[in-house]
Amino acid sequence: RAGRPSGGSSGAPAGRIGAASAPRDLPTMIVAGVFCLVLSLDKVFHTWAGPSSLAAQEPHGWRTPVDCVRANELCAAESSCSSRYRTLRQCVAGRDRNTMLANKECQAALEVLQESPLYDCRCKRGMKKELLCLQIYWSIHLGLTGGEEFYEASPYEPVTSRLSDIFRLASIVSGMDPATNSKSNHCLDAAKACNLNDNCKRLRSGYISICNKSYDTYRCNRRKCHKALRQFFDRVPSEYTYRMLFCSCKDQACAERRRQTIVPDCSYEDKEKPNCLDLRNQCRSDPLCRSRLADFHANCQASFQSLTSCPGDNYQACLGSYAGLIGFDITPNYIDSSTTSLIVSPSCSCRGSGNMEEDCERFLRDFTENPCLRNAIQAFGNGTDISPPPKNPPLPVVTASPKMEKNPLLPDDINDSNTIYDTSMITTCTSIQKSLTTDLMPEQKTFVDSKGYSSRNSITGTLSALPFLLVKVAL
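Residues numbered from 1 in each chain as written. Predicted model: local features only at pLDDT ≥ 70, side-chain atom pairs only at ≥ 80, totals over all residues. Heavy atoms only, no water.

A. Region of the structure containing the overall build of the protein chain. For the protein chain, the count of helices and strands is 21 helices and two strands. When contacts within the protein chain are restricted to residue pairs at least 6 apart in sequence, long-range pairs at least 24 apart make up 74% of them. By element, 53% of the accessible surface of the protein chain is carried by carbon and sulfur atoms, the whole surface being about 27,700 Å². (Helix = DSSP H or I, 4+ residues; strand = E, 2+ residues; numbered from the N terminus. Contact = heavy atoms within 4.5 Å. Areas by Shrake-Rupley, 256 points an atom, 1.4 Å probe, with all protein chains shown as cover.)

So, in structure tokens, the structure goes:
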């Protein structure tokens, strides 16, 4: 009895209320349907118009990434670009940055070239015209920075390969994983694997012969030794060179073989160590050495926001940048034959740095106390790598709840049943939008039409305003 109405009269008013509200629900439903349809169309037109607006903001034909040799060719084909580029090269030659920027012609040339393909160009390590490409890159970016930055942006394209790729190739070459047999001398195994490859054997024998050749007046020809080392590390695949440079060791004999890989008596050691900042300045005077140093800092600079302390958690990028420094005045190497510590450094010190001692120590610590570089060397020696995070992580699937007690967008004092934004209306809107998206945009094709963009804007604006007019009329 408690569950039934207490009297017959109590049911009548409810019936009258329902009868009175029924006629009002029909126009409300019609307006709601039109409202949902217009919102769906509005969404479709916004989707079409979006790419056009982005494309319209970018200068036509200038922002496609190309290598600097190709960018120079494109610039040469444009009279305004080529003349400004010649002006800038004259401005950079023999002038400091402040003097150059004070010159109006130099300033105008910089502004024009920032909108040219030369501004975004990059180079590939080992490309056919690598030196020319780097010279073009620095002719632009030295004008922009003046060479006064402690860390410079790398002129090379980002590295996309991983250590796991090197492990796979190394296992194919040797028939075993780099770190499977703990009892073997991995550095000796690496030398044997190199001797089984004609190219690796030839270039390795070449630099060993040149770097060990002594003369009456001096110990060796360091310039020729460095050139032979660069050829070896640039032309021999990483599955051979990495195993020789970063092999893991359990005893001192193995660690000493690893330290002797680059023939340090000629390529590395000095009777008196030069100042590290002087060595860096000497390196920066050469476009190739400057580029390799900038690449090392870009890929090995310690990042405490990543799991591995390496930028992008990419060990391979750091190890490749480190190997790219070998064969220059700033060549790094292991400082001793210890099996417990992996400390590498250029052959330099910070004595005589004066008021630049803090910068000198900072530069040196990028080698001696670099967690990214240390972790990368250990990871290769152990045969481990870390999987990169997904570029586009899948979005969680959101399903509409079967019942919505309250719409959070509504004021607390308005009942859902007295407004067109009830659950059925939301379901209807969802169905209409899904249907329109499936029918009108089956493949979500991108339309780039600068002329049609303004007309779409006007259509979209009209459609956006139409629902509010309909609701106002209905009310």
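B. Local environment of the pattern of salt bridges. This structure, assessed with the given rule, holds nine salt bridges. Put simply, Asp234 and Arg292 hold a salt bridge, and the shortest N to O gap is 3.5 Å. With Asp234 in helix α11 (residues 222-235) and Arg292 in helix α16 (residues 287-300), this residue pair connects regions lying 58 residues apart in the sequence. Given the relative accessible area of 36%, Asp234 is considered partly exposed. Here the salt bridges do not stand alone but share partners, grouping Arg125, Glu130, Asp234 and Arg292 into one network. (Salt bridge = Lys/Arg side-chain N within 4 Å of Asp/Glu carboxyl O. Buried < 20%, exposed > 50% of the residue type's maximum accessible area, 1.4 Å probe, protein only.)

C. Up close: the state of the cysteines. As enumerated under the stated definition, the model contains 13 disulfides in all. In this model Cys211 forms its disulfide with Cys225; the gap between the sulfur atoms is 1.9 Å. Given an S-S torsion of about 100 degrees, the disulfide between Cys211 and Cys225 has right-handed geometry. Taken together, the positions of Cys211 in helix α10 (residues 198-211) and Cys225 in helix α11 put the pair 14 residues apart, joining distant regions of the chain. We note that Cys211, like Cys225, is buried. (Disulfide = S-S within 2.5 Å.)

D. Spatial organisation of the environment of Arg257. Tracing the sequence through the fold places Arg257 in helix α13 (residues 252-259). On a C-alpha basis, the gap between Arg257 and His186 in space is 9.9 Å, while along the polypeptide they are 71 residues apart.

E. Representation of the packing of aromatic side chains. Within the structure shown, the criterion is met by ten aromatic pairs. Look at Phe363 and Phe367: their rings are 5.7 Å apart centre to centre, the planes differ by 65 degrees, and that puts the pair in the edge-to-face class. In this pair, Phe363 and Phe367 are both assigned in helix α18 (residues 357-368), four residues apart and thus about one turn of the helix distant. A residue is classified by how much of its surface remains accessible, and Phe363, at 0% relative accessible area, is buried. With relative accessibility at 2%, the residue Phe367 sits in the buried group. In this structure, Arg290 is placed above the aromatic ring of Trp138, and the distance from its NZ or CZ to the ring centre is 5.1 Å. (Phe/Tyr/Trp six-rings, centres within 6.5 Å; stacked < 30°, edge-to-face > 60°. Lys NZ or Arg CZ within 6 Å of the ring centre and 35° of its normal.)

F. Main features of helix α3 (residues 79-92). Relative to the 20 Å expected for 14 residues at 1.5 Å per residue, α3 spans 20 Å between its end C-alpha atoms, a close match to the ideal helical length. Of all the residues in α3, the buried ones are Cys81, Ser82, Tyr85, Thr87, Leu88 and Cys91. (Expected span 1.5 Å × (residues − 1).)

G. Seen up close, unusual backbone geometry. In this model, Val263 sits at a positive phi of 50 degrees, which is unusual for a non-glycine residue. Mapped onto the secondary structure, Val263 falls in the loop between α13 and α14 (264-267). We classify Val263 as buried; its relative accessible area is 8%. Backbone geometry at Asp313 places phi at a positive 55 degrees, although glycine is not the residue there.

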